[in-house]
Each structure stands twice: as structure tokens, then as C-alpha cells.
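Here are the chains, one letter per residue:
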Amino acid sequence: MKAVEEIEMKEEAEEQSTQKEPLRFTGNWFIDAGILGFVNLMEEVYGWDLEKLQKKIEENAKPIYYWCFPIAFVYYNNKLRGKVTEFVPDPPNNIENEEDIFEEAWKWICSRKEFILPTRKGKRIDLSFRKPFNYFTNLLFFQPQWTIEQQKDAFMEILRIKSIEKDVLKYIDKTINKFLPSVEEFNNLPYTRALLTLETLLNTCPYSLVYILCFPLAFIQNILQENIFFYSPDLKFTYYVNKRIAKLAEKAEDRTQLIQITWKVVIDSIIEMQSIWVLENMYLIKYRLGGRQDIINAEYIGIPKLQASVILDDLIRDVLNRYIPTPKRERVWILEEFIKNKPLLPYLINYLHRYLNRRPDARLGNRTLIYANSVDARLRKLGKDKNLFSGEFLHGYRSVLFEIKEDAAKMVSAAKNTYSIFKDCKERERIASRLLSTIRKRNKYAFTNILLKSFIGRFKIHEIEELNKYLFDKIVSNDINWENYALAIVVGLVYGGVEGGEYENEGKTEE
């Protein structure tokens, strides 16, 4: 309870502090991708990470946009093709006028011979639309026949030093970025040639045209077939998650691993930054290079508040961070299934069935089985009780962690008591198989009869009394999730208490 309240207070403080940051997301993923690309460009060329860039923009934004950006953009485009200059100069400190700052930057760009190419009409700055800029193709200064003067004018329009005259900037459509619709696709709109106009764009963010040119630099490239971009509403969180994904994605062999890597990084970042508020609006945006550079998919990967509040707990996150074998010899990541709000009970039942039949591909610890079972039981109950004005909704599921652990403690106690009543290993397995069969068939009364009959002639009076109470409170009078509580008894017969037969190192997720 206290931990959740502290997290919420910290979130509010962080959200307020973000409003003071000069560079922050707008809520429009298209522009926000450009903002992250701009941050990545400044870091690549000048070595400034997000925090340092924020401070520099706060101190004086003009040199960053009118000096650093044009120089960095030209430099980086040439660097990707092996045309690297000796150094990149720092911005001047003694010039305040935007146009004068840009003029000095342009002079430096034009002074570098490696950046200059001859054309039939004169000279031009060498800017290629090769990867990753290959969806700009014929945009402005990427056109091979444009002269230095035309390129300079285009930069000045993008920086809004000059009034915008070129249609390609007035009507933001597929010409400027392949991810946008074409003008023709909006010809049924009587008042505008395109859905996204310059006015709309600049009202969203005054440097939007700068960010559009940095859009491709937000994507993680050259690792998988698809270029990917993790997006959340918070710039800082998105920045750090994408960096960590890029490092881990080099080991990923397929899409499934990419999703698991993403969630691992997201969870680790949430724990480190306590940014739980971003979880419900997260996306993986992907595109593939080729004849058409359209978006392949924008996949929603938001984590509901309930799941988020649970995985922030170290114990529960650790025990769910396991793979469980399936009949097809595939392994399912329990944590992923939980995040996706999928039932865990079928996997647990199937695992115990295979275990009793001597066919497990890996062994799970009984603590994982108990806690995964308890988590599943709570989710099933909340699924039945869910109400817009319920206590869980109004209090952000503050009590869920306590209830999961309380249920787990009761399940552990039942498991221990069951194990201690039966002394013979074969007898335990025989009864466990019969009980598991009734759970699989959802026959609560058969389960109860088998268990009660098995108590006859036993001498563990205290344990039997405790189990009888558990049986009637959690199973007989329970029509919502009785199978979960019944399964704990089977776990006890197979494994014993949590202290006994603990195998928690096997089946864990790989780093």
C-alpha cells in the first residue's frame, strides 16, 4: 500500500517536472518519433545525451536548432557514406540572431570540400537519400539537381527563417514522408489539400519540420528485417527503452524474442524510473525498406494498470519470469502471458499433468507454480467482479498485491498440509493424478469427494482440520476460481511445501 502511494506521488512529481523540460513529446507519435530522432542525431554527432541536450536547449535553444542541426544533419548524412570530416565545430556563443547563426553554420558546411558535389547547374551539398533517409527520395535538398542556393533556401524554410513557399512543406503528405497519406487520398476534403497541414503541424510544435527530417533516426535499424521504434508518451522513458532494446535486439533471432526483449527492457526501465503512468500507451512501430517504405505495423503493447502494479513487485515478477514447457515442446513465457492478460491455469494444469506422466521438458519450482496460480486466481476473480465503480478501479488495484500474497500463503499452507498427511510417494502421485483429472474436467464435487475419502484413517488431525476448512472456504463454496485453490493441493502432493523441492533456477528467462 505504502509503496504504491509513494510511486503515485513520484509519478505526479515527474509529470510536473516534465512540463518544465524544453524538449518533450507532443502526444503525436509521428512528431514525437522525429523528436527522438533529433535527440539521437545530436547525441551521434555532438555526444550529448538527452539530459545534456535538455540543459543546452534550456540555456539557449537558438544555437542548437540554427547551428547544430544543419551541420549535424549534413555531417551525419555524409558520415553514413564514409565521407567524414575532421571535426564538428561547437556552436558560437556571441551571436543571437537566428539568421546570422544559420549563415555561419552554412558557411562552415560549404567550406568542407568533402561535402560539395558539382552538378550541371553549379554545385550542391552532397545529401543522399540512401538508408536511412531513403524515403525522402525527391524531397527538397535531396534532389540531385538542386544547387547550394536552393538547398540553403530549403533549410531556411524548414527552420522558419524564411517564409515557407514550397508546396511540399505547405501540404505535409506522402511526398515528405512515406508514412503519411498522399494529397490525392484526401481529395474529398473541400477545405484542405492534405489531412496534415503546415499550420496544424507548427501549432503542434514550432520545430516540427526539423523533427520530420530526423524521423528515420528514431528507428532501430540494421538489426532485424524490420526497422522498429518503441513509443510511449514520455520522451525520457522512450529514449532509454529504445537504447536498451537496440543493445539486446542484436541477440534476437525472431519477432517473438523481440517482443520479450521489449517487455524485459520496459519492465526494467519502469522499476528503475518508476514511470508506471506510461504503461497503458506503448507501441512498437515497424517499417521495412524496399520499393514501398510504408508502415508495416503499429503494434499496441500497453500494459494495464493491474498487471503493472503486480509486476512492479520484485517477488512476483521474479517467480513469473519463467518459461513453462508445453506439449508441442515449445516454451511459453509466463510473464508475457500475464502481461497479455491471458489465463495461466491451463499451462499450470498441463505442466503438472506432464510432470506426473514423467514427461516434463524442464522443471518449474513449486514457488512459481503457487504464485502463478495465485495471480491467475486473483485475475479470474477480478474478471468476474469488475465494475467501473469498484474499489479496485477507484484505488488503482492497491490491494491486489496484498491479496495475491495472502492467497499464495494459504495455498502454500494447504500444499504443506497435504504433503505431510501422505507419507508414501507413490500414493501421493496416485491421488494427485486423480485430483488433477477432476480439475481438468472441472468437476468440483468429484475433487472434494476424492480428497475427503483420502483423509479416512489418517492421523494428522490438525492438518486435516486445516485442509477441511480450506476445502470448504476456497473450493466447495467457490464457483469463480475453485480450480486454482484445488491445484495448490495437487502441487503439495507433487512437490511438498515451498521449502521442499524448490527448483527456481530452471526455466528462467535468458538475459
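Throughout what follows, the structure given in this document is the object of discussion.

Some thoughts on the packing of helix H2 (residues 29–46) against helix H10 (residues 235–249)
Consideration 1: Where H2 meets H10, the axes come as close as 11 Å, and the angle between the chain directions of the two elements is 60 degrees. One way to sum up the angle between H2 and H10 is to call them oblique. In terms of crossing hand, the pair formed by H2 and H10 is right-handed. Of H10, the residues touching H2 (which contributes Ile 35, Leu 36, Val 39, Asn 40 and Glu 43) are Leu 235, Thr 238, Tyr 239, Asn 242 and Lys 243.
Consideration 2: In terms of residue class, the contact of H2 with H10 is built from five nonpolar, three polar and two charged.

A few points about the pattern of salt bridges
Consideration 1: What the rule picks out here adds up to 21 salt bridges.
Consideration 2: Here Lys 79 makes a salt bridge to Glu 44, at a shortest N to O gap of 2.9 Å. Of this pair, Lys 79 sits in helix H4 (residues 61–79) while Glu 44 sits in helix H2, and the two are 35 residues apart along the sequence.
Consideration 3: Using a relative accessible area of 30% as the deciding quantity, one classes Lys 79 as partly exposed.
Consideration 4: A network of salt bridges, in which partner residues are shared, links Arg 378, Glu 403, Asp 407 and Lys 474.

Things to note about the pairing of strand S5 (residues 227–231)
Consideration 1: With five of its five residues buried, S5 lies for the most part within the structure.
Consideration 2: Here S5 shows no split at all, with Asn 227, Phe 229 and Tyr 231 on one side and Ile 228 and Phe 230 on the other all buried.
Consideration 3: As paired strands, S5 and strand S6 (residues 283–287) are joined by five bridges and run antiparallel to one another. Following the sheet pairing, Phe 230 is matched in S6 by Leu 284.

Rules used throughout
Residues numbered from 1 in each chain as written. Predicted model: local features only at pLDDT ≥ 70, side-chain atom pairs only at ≥ 80, totals over all residues. Heavy atoms only, no water. Axes fitted to C-alpha atoms, helices over the stretch in contact; angles between N-to-C directions. Helix = DSSP H or I, 4+ residues; strand = E, 2+ residues; numbered from the N terminus. Parallel < 35°, antiparallel > 145°, perpendicular 65-115°, else oblique. Left-handed = near helix turned anticlockwise from the far one by under 90°. Contact = heavy atoms within 4.5 Å. Nonpolar A, V, L, I, M, F, W, Y, C, P; charged D, E, K, R; others polar. Salt bridge = Lys/Arg side-chain N within 4 Å of Asp/Glu carboxyl O. Buried < 20%, exposed > 50% of the residue type's maximum accessible area, 1.4 Å probe, protein only. Pairing = 2+ DSSP bridges.

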